[in-house]
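What the coordinates show
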Amino acid sequence: MARIRADPQRKRPRGSACAVTAVQYGAGRTVSTSGLVEGVDAAAVRARRSSVSWAIALAGCAAAACSVAMAHLSDHVPAPHLQSTLINWITLSYILSGVVAWWRRPQSRFGPLLIAAGFVNFLTTLSWVSVDLPYTFGQALDLLPPVLFLHVFLAFPTGRLQGRFERRLVATAYLTAIGLELTRMLLGGFGPHNLLEVTSRPDAAAVALRVQLIAISAFALTGIGVLALRRRGAARPVRPFPALIVESFALVLVMIAVLLMSVVLALPGFATIQRVTFVVVGIAPVVFLIGLLRARLARSTVGELLVELRADPGPADLRDALARALRDPSLALAYWLPQFGSYADLRGWPVELPGRASGRATTLIDRDGAHVAALVHHPSLDDEPELLEAVGAAAGIALENGRLHSELRARLEELTESRVRVIEAGQKERQRLERDLHDGAQQRLVALSLELGRLEERLRDDPEAIMRLGEARREIATSLEELRDIARGIHPAVVSAHGLPVALESLAARAPVPLCLTVALEGRLPERVEVAAYYVVCESLSNVGKHAHATSASVEVAGEDWRLVVEVVDDGVGGADTDRGSGLRGLADRVEALGGRLQVWSPQGGGTRVRAEIPCAP
Amino acid sequence: MRAVIAEDSVLLREGLVRLLSETGLEVIGAFESADDLLRRVRSESPDIAIVDIRLPPTHSDEGLRAALEIRASHPSVGVLVLSQYLEVALAMTLLAYSAEGVGYLLKDRISDVRDFIDAVRRVADGGSVVDPVIVSTLLSRRRRDDPLAELTPREREVLELMAEGRSNQGIADKLVITLRATEKYVSTIFGKLGLPSGGSDSRRVLAVLLYLRS
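Cut-off values and rules
Residues numbered from 1 in each chain as written. Chains lettered and ligands numbered in written order. Predicted model: local features only at pLDDT ≥ 70, side-chain atom pairs only at ≥ 80, totals over all residues. Heavy atoms only, no water. Patch = residues over 30% accessible without salt bridge, like charges linked within 9 Å, V, L, I, M, F, W, Y side chains within 5 Å. Areas by Shrake-Rupley, 256 points an atom, 1.4 Å probe, with all protein chains shown as cover. Salt bridge = Lys/Arg side-chain N within 4 Å of Asp/Glu carboxyl O. Helix = DSSP H or I, 4+ residues; strand = E, 2+ residues; numbered from the N terminus. Buried < 20%, exposed > 50% of the residue type's maximum accessible area, 1.4 Å probe, protein only. Core = buried A, V, L, I, M, F, W, Y, C linked by side-chain atoms within 4.5 Å. Contact = heavy atoms within 4.5 Å. Pairing = 2+ DSSP bridges. Right-handed = clockwise from strand over helix to strand, strands pointing away. Phe/Tyr/Trp six-rings, centres within 6.5 Å; stacked < 30°, edge-to-face > 60°. Lys NZ or Arg CZ within 6 Å of the ring centre and 35° of its normal. 1 Å grid on protein atoms, 1.4 Å probe; cavity = no way out; pocket = protein on both sides within 12 Å on 5 of 7 lines; lining within 4 Å. Points joined across faces, edges and corners; volume = space filled by probe spheres on them. Nonpolar A, V, L, I, M, F, W, Y, C, P; charged D, E, K, R; others polar. Expected span 1.5 Å × (residues − 1). Axes fitted to C-alpha atoms, helices over the stretch in contact; angles between N-to-C directions.

Comments concerning a nonpolar patch on the surface
Residue and element names in this part refer to chain A. There is a patch of nonpolar side chains on the surface, built from Trp 89, Val 279 and Ile 283 and spanning about 230 Å² of accessible area. Structurally, the position occupied by Val 279 is in helix α9 (residues 270–297). You can call Val 279 partly exposed: its relative accessible area is 36%.

Here's what the structure looks like:
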């Protein structure tokens with residue numbers, strides 16, 4: 001059974017509609033994806049919600065019918081048929097979309113907000129009635145809907161406003177819409193049914209109207225700015241459908257501003273602008289509704305995913321398949337490696353999950369009670385938990401495979417690193433030994449030999465002493481020769497001190513067959529690389545002398561694109577055994593430990609070619 | 001004749017100072033590091049600087065760099081480089097441009113007191129000294145159609161001594177032959193190898209070494 005959890009940083013959802021099971025990793029939302037067992041409570045809640053939804057939808061329809069009736073009975077509504085149709089288009093669009101939204105995402109406030117906007121829109125039509133009380137009430141709400149729409153759009157998708165600025169913006173807009181409307185009604189000019197009229201000051205009322213309209217236009221435009229900023233804040237490419245929803249919201253806000261300003265500026269064609277605006281206002285929730293239903297339809301992409309996964313894609317293709325299924329090109333996969341206590345990518349390299357401030361959302365995927373991976377995705381996917389669940393469940397085995405792959409790579413990486421460390425530690429130790437030998441025994445022997453030489457000069461008249469001293473000096477010279485060979489075998493100090501070309505020239509001069517040496521290097525390379533290359537040439541030439549029966553050989557050393565290529569070729573009998581003896585295995589180990597590779601071609605009778613490629617990142 | 005020394009082993013440094021003093025050379029400075037040596041060379045301009053190739057602080061190529069610097073900035077000061085191991089490429093670096101007043105010897109050679117003092121004097125006098133190991137390495141190098149195979153054993157000996165930096169007189173002394181015989185050998189060798197004859201001893205060293213190296 002695959003299980004999906006949302007980012008633990010996020011809050012636990014309210015209600016028990018989703019099957020919420022025990023949380024294993026931190027306090028997070030845990031959602032079962034398959035084997036979903038709903039309790040009796042959940043079923044009861046579902047049934048209750050169903051009936052409430054139907055009741056709201058019916059109430060919305062009744063309200064719409066009511067508006068139609070009021071328009072036709074009104075003595076002051078021009079073109080009542082058209083007017084009531086346009087208003088009801090908005091009312092029903094918001095209420096019905098809101099009902100569906102609430103049904104699909106009961107934990108989100110967005111559905112109720114839509115429903116509220118729809119009903120308030122209906123309440124404004126009370127001003128069509130030629131009866132004092134409903135008229136006064138409806139008129140007082142007249143400019144509330146534009147502000148409600150602003151509230152709805154800014155609260156998308158959670159139903160909650162984000163941050164203090166947005167809350168203040170919306171609150172101020174509400175105050176302007178209601179407060180100035182009431183003020184204007186006090187100042188009169190609304191006809192005989194206005195219960196609030198206390199004086200008749202048409203000039204002041206006109207000023208208040210202008211202020212009110214300009215202010216609400218400004219709030220609408222500010223709302224567009226907020227939406228645009230939010231969009232820019234999302235660093236990764238925005239998933240296409242939520243983007244379209246937000247764009248439709250922005251369009252509504254633009255139209256509201258245009259409509260209100262056309263009143264202020266007394267532009268011609270107000271009636272046309274009003275009709276277009278009403279149509280656009282009603283379209284926005286429909287776009288939202290389509291997006292919502294698409295999320296359900298998107299489950300069909302899970303079917304495609306299953307087909308794709310049946311073809312057993314490599315772990316590298318899994319991310320692309322999931323990105324297609326989730327319609328989120330920015331999707332990133334991070335596998336959980338328990339032994340390392342961290343997430344890693346497919347190469348086994350550790351990755352950090354993005355924090356809450358990054359504008360990315362994270363969904364954790366479990367399988368058989370063990371944590372497998374994390375999906376890092378666009379936050380809008382959080383509104384499609386069903387999709388995430390379905391995709392996570394479908395990809396369970398493939399994700400586990402990917403996780404094993406990542407773990408293998410991570411272990412390999414670790415092994416390689418530890419091999420490099422072992423080699424480097426060994427090299428340091430050898431270097432120290434060589435140094436000790438040089439500064440200790442070798443220097444002492446030379447000094448001793450010098451003393452004997454001086455003594456020899458003093459005893460010029462004693463032939464026997466001279467003979468014996470000479471013998472002693474020769475013994476010392478032999479010891480020094482042996483010590484030099486040992487020291488060179490322990491660590492080629494000349495490589496560290498003077499570089500590869502200098503060391504190679506002496507090797508070449510002592511080569512057992514005529515040798516062509518080509519060195520194309522600029523500057524020094526990391527010591528371990530130079531030493532490895534030196535040993536490759538040294539060992540290969542020694543093999544040429546011992547086994548190849550060659551008449552000539554060549555050594556080519558070239559630095560190319562951050563790697564060192566060493567090639568030793570002879571024209572001997574070939575047939576070198578790379579596995580037993582010949583030191584080739586040891587060379588291969590040394591080269592491979594540095595992330596390089598050693599290749600040997602040695603056909604019978606066809607000479608031998610040893611090629612080492614050693615990466616030498618700076 | 002005034003000498004300065006840079007050698008980080010105390011034992012060896014003191015041994016060298018005593019040896020040189022006993023044979024009538026004036027040691028005007030014996031140092032552990034290349035920097036001290038360079039300072040003294042600049043201030044005193046000695047006849048010869050004897051430099052260990054491996055000096056502090058890193059014990060890699062400090063001695064070699066000091067030697068090259070003296071060669072470049074004080075051509076009149078002879079430089080004798082001593083080392084526990086010999087590298088053909090380093091010999092050629094030291095002798096690059098000119099073989100005058102330069103020497104490159106294995107440290108062991110110190111104990112052959114007479115030869116060593118002879119080498120010191122030759123370098124101080126502007127001659128060249130190349131360790132026999134370098135020469136024999138170059139001579140024993142495997143070649144296709146080896147022109148050295150044309151040489152008689154005696155000519156080979158003469159060639160070796162030439163490459164070590166010895167003058168005709170030096171060669172004659174070493175092989176116990178006459179100067180004239182030596183001169184004859186030399187011209188035969190140059191003819192067989194196709195080298196232009198003539199020039200000073202140090203030019204001859206360079207020409208022979210470059211020939212052997214190629």
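Moving on from the model shown.
Describing the nonpolar core
Ranked by size, the top nonpolar core spans 100 residues in total, and within it Leu 37 and Leu 159 of chain B carry the most contacts. In terms of residue count, the dominant contributor to this core is helix α17 (residues 527–548) of chain A (11 residues). Setting aside its immediate chain neighbours within four residues, Leu 37 of chain B contacts Val 4, Ile 5, Ala 6, Phe 31, Ala 49, Val 51, Ala 66 and Ile 70 of chain B. Membership of the second largest hydrophobic core comes to 63 residues, among which are Val 77, Val 226, Ala 257 and Ala 284 of chain A.

Some points on the pairing of strand β2 (residues 26–31) of chain B
Consecutive residues of a regular strand have side chains that alternate between opposite faces of the sheet. All names here are of chain B. Alignment of strand β1 (residues 2–6) against β2, held across 5 bridges, turns out to be parallel. Residue pairing across strands places Arg 2 opposite Glu 26, the latter belonging to β2. Running through helix α1 (residues 10–22), the crossover from β1 to the neighbouring parallel element β2 is right-handed.

Some words on the packing of aromatic side chains
Residue and element names in this part refer to chain A. Here the structure, examined in full by the defined rule, presents 8 aromatic pairs over all chains. For the pair Phe 110 and Phe 156, a centre-to-centre distance of 5.4 Å together with 65° between the ring planes defines the contact as edge-to-face. Separated by 46 residues along the polypeptide, Phe 110 in helix α3 (residues 110–124) and Phe 156 in the loop between α5 (144–155) and α6 (163–186) bring together distant segments of the chain. Across the pair, exposure class does not vary: Phe 110 and Phe 156 are buried alike. Ring centres of Phe 156 and Phe 249 lie 5.4 Å apart, and the angle between their planes is 85°; this geometry places the pair in the edge-to-face category. Of this pair, Phe 156 sits in the loop between α5 and α6 while Phe 249 sits in helix α8 (residues 240–264); the two residues are 93 residues apart in sequence, bridging distant segments of the chain. Members of the aromatic cluster, connected to one another through ring pairs, are Phe 110, Phe 153, Phe 156, Phe 249 and Phe 288. Directly above the ring of Trp 103 sits Arg 49, whose terminal nitrogen or CZ lies 4.7 Å from the centroid.

What about the layout of surface pockets?
Residues and elements named next belong to chain A. The computed volume of the second largest pocket comes to approximately 980 Å³. What lines the second largest pocket is a set of 36 residues, among which Gln 83, Asp 142, Phe 270, Gln 274 and Phe 278 lie closest to the centre. Of all the secondary-structure elements, those providing two or more residues to the lining of the second largest pocket are α2 (80–104), α3, α4 (132–140), α5, α6, α7 (202–233), α8 and α9. Counting residues per element, the lining of the second largest pocket draws most heavily on α9, at 7 residues. Here the residues of the lining of the second largest pocket are counted per class, giving 23 nonpolar, 9 polar and 4 charged.

A short note on empty space enclosed by the protein
Here the structure, examined in full by the defined rule, presents 6 cavities of 30 Å³ or more. The computed volume of the largest cavity comes to approximately 100 Å³. If you go around the largest cavity, the residues you meet are Glu 434, His 438, Gln 442, Arg 484, Ala 487, Arg 488, His 491, Ala 493 and Val 494 of chain A together with Gln 84 and Tyr 85 of chain B. Within the residue set of the lining of the largest cavity, elements represented by two or more residues are α13 (396–458), α14 (463–490) and α15 (493–498) of chain A.

Quick notes on helix α5 (residues 113–124) of chain B
The end-to-end C-alpha separation of α5 of chain B is 16 Å, in line with the 16 Å expected for 12 residues at 1.5 Å each. Within α5 of chain B, the full set of buried residues consists of Val 113, Phe 116, Ile 117, Ala 119, Val 120, Arg 122, Val 123 and Ala 124 of chain B. In the core, the buried residues of α5 of chain B are packed alongside α13 of chain A together with α1, β3 (48–52), β4 (78–83), β5 (102–106) and β6 (128–130) of chain B. Once α5 of chain B finishes, Gly 126 of chain B follows within two positions and takes phi at roughly 95°, a positive value.

As for the environment of Asn 401 of chain A
All names here are of chain A. Position of Asn 401 among the secondary structure elements: in helix α13. What makes Asn 401 partly exposed here is its relative accessible area of 39%. As for Asn 401 and Pro 315, which are separated by 86 residues in sequence, their C-alpha atoms are 7.0 Å apart.

Here's the deal with the sheet that holds β3 of chain B
Strand pairing in a sheet takes place through backbone hydrogen bonds and is either antiparallel or parallel in direction. Residue and element names in this part refer to chain B. Strand order in the open sheet made by the 6 strands is β2-β1-β3-β4-β5-β6, with parallel pairing throughout. In this open sheet, the two strands that pair with only one neighbour each are β2 and β6. Each adjacent strand pair in this sheet contributes to an overall mean axis angle of 20°, direction not counted.

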